[in-house]
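Reading the structure
Read off the chains here:
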Amino acid sequence: MYFLLTPTLTMKAQAIRFGNLKLVHNIVTSTFELYDLDNDLSETNNLIENEIYSDVVEEMYTRLLATGVCPKDKDGAFNLVADGFPGTVTCEWFRNWPVRCGHHIEGRLNCNSVCANEDFVEQCNNTFFSSTVASPLCQDSKVKFNLFGKSRSCKYVRVSRPNVCSKMKRIRDLCPVSCNSGCTCFDTPDKFEWKGNIRSCEYVSKNKEKRCQKWIFQSHCPQVCGLC
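Residues numbered from 1 in each chain as written. Predicted model: local features only at pLDDT ≥ 70, side-chain atom pairs only at ≥ 80, totals over all residues. Heavy atoms only, no water.

**Structural notes on the state of the cysteines**
Linking two cysteines covalently through their sulfur atoms gives a disulfide. Applying the stated criterion across every chain yields a total of 8 disulfides. Paired through a disulfide, Cys154 and Cys175 show a sulfur-sulfur distance of 2.1 Å. Residues Cys154 and Cys175 share a disulfide whose torsion about the S-S bond is about -85 degrees; that sign makes it left-handed. One end of the pair, Cys154, is in helix H6 (residues 154–159); the other, Cys175, is in the loop between helix H8 (169–174) and strand E10 (184–185), with 21 residues separating them in the sequence. Comparing Cys154 with Cys175, the two get one shared label, buried. Between Cys201 and Cys221 runs a disulfide, and the two sulfur atoms are separated by 2.1 Å. Handedness of the Cys201-Cys221 disulfide follows from its S-S torsion of about -95 degrees: it is left-handed. With Cys201 in helix H9 (residues 201–205) and Cys221 in the segment after helix H11 (215–220), this residue pair connects regions lying 20 residues apart in the sequence. As far as burial versus exposure is concerned, Cys201 and Cys221 are alike and both buried. (Disulfide = S-S within 2.5 Å. Helix = DSSP H or I, 4+ residues; strand = E, 2+ residues; numbered from the N terminus. Buried < 20%, exposed > 50% of the residue type's maximum accessible area, 1.4 Å probe, protein only.)

Right under this line is the structure:
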């Protein structure tokens, strides 16, 4: 199992692999993709609509939700990123209709008492949570967002409008590094795509002065770019 970490919302996508099959859950759109890696290593033929795989997809997704740490329920509101749904919800939103847990990974991440399956709930209930938990890991958003009617990036917030951090929780969530939100920033450990090219933080480090001017590299590589 692996996670593709993004801003605040914690994940953009998640995936799990059973043998040759790989299931991808796209969180922003609440959609799924299924690939046979033995015959489709480039992941171009999405098999998710093929009924032959319906049972194994259900099992894979159940396992995907059941794998991970035991987070406490998040206090207050948090962002919900799937298109067509409210932008901010609380755990009560999931508690009122638990079936939502299966459609929105944010519930699984932020509302463990509501959204974990029975085996996982028991496991987490027996888990000791230290009162001295380390600061959470974070990165700035790698996608632009609407700010006062215009498409902006976390770099714009940091350089031109830092005052919005204190006024708007949504911006603090999207740009935790730029807003100095008290979390521990990290560099993307694996390679990532930018404008059709595969890059890495090592690539950025070889010409930091120039490459760190681009907000997308700042988001992926905040440590290399000296933002934290």
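Read on for the rest.
**Side note on the packing of aromatic side chains**
Using the criterion set out here, one finds 5 aromatic pairs in the structure. Each ring, one from Phe78 and one from Phe94, has its centre 6.3 Å from the other, and the planes form 10 degrees; the classification is stacked. Placement of the pair is Phe78 in strand E5 (residues 78–79) and Phe94 in helix H2 (residues 91–96), with a sequence separation of 16 residues. Grouping residues by exposure puts Phe78 and Phe94 together as buried. Cluster of aromatic residues (ring-pair linked, three or more members): Phe192, Trp194, Tyr203 and Phe217. In this structure, Arg152 packs its charged tip against the face of Tyr156, placed 4.0 Å from the ring centre. (Phe/Tyr/Trp six-rings, centres within 6.5 Å; stacked < 30°, edge-to-face > 60°. Lys NZ or Arg CZ within 6 Å of the ring centre and 35° of its normal.)

**Quick notes on unusual backbone geometry**
The backbone of Glu43 shows a phi angle near 55 degrees, a positive value even though the residue is not glycine. Tracing the chain through its elements places Glu43 in the loop between strand E4 (31–36) and helix H1 (54–66). Taking the relative accessible area as the measure of exposure, Glu43 reaches 26% and is therefore partly exposed.

**Some words on the nonpolar core**
Judged by nonpolar contacts, Phe192, Trp194, Cys201, Val204, Cys212, Trp215, Ile216, Phe217, Cys221, Val224 and Cys225 together constitute the single largest core of 11 residues. Residue assignment for this core shows that the elements contributing at least two residues are strand E11 (192–194), H9 and H11. For this core, the leading source of residues is H11, giving 3 residues. Contacts of Cys225, omitting those with residues within four sequence positions, involve Val204, Cys212, Phe217 and Gln218. (Core = buried A, V, L, I, M, F, W, Y, C linked by side-chain atoms within 4.5 Å. Contact = heavy atoms within 4.5 Å.)

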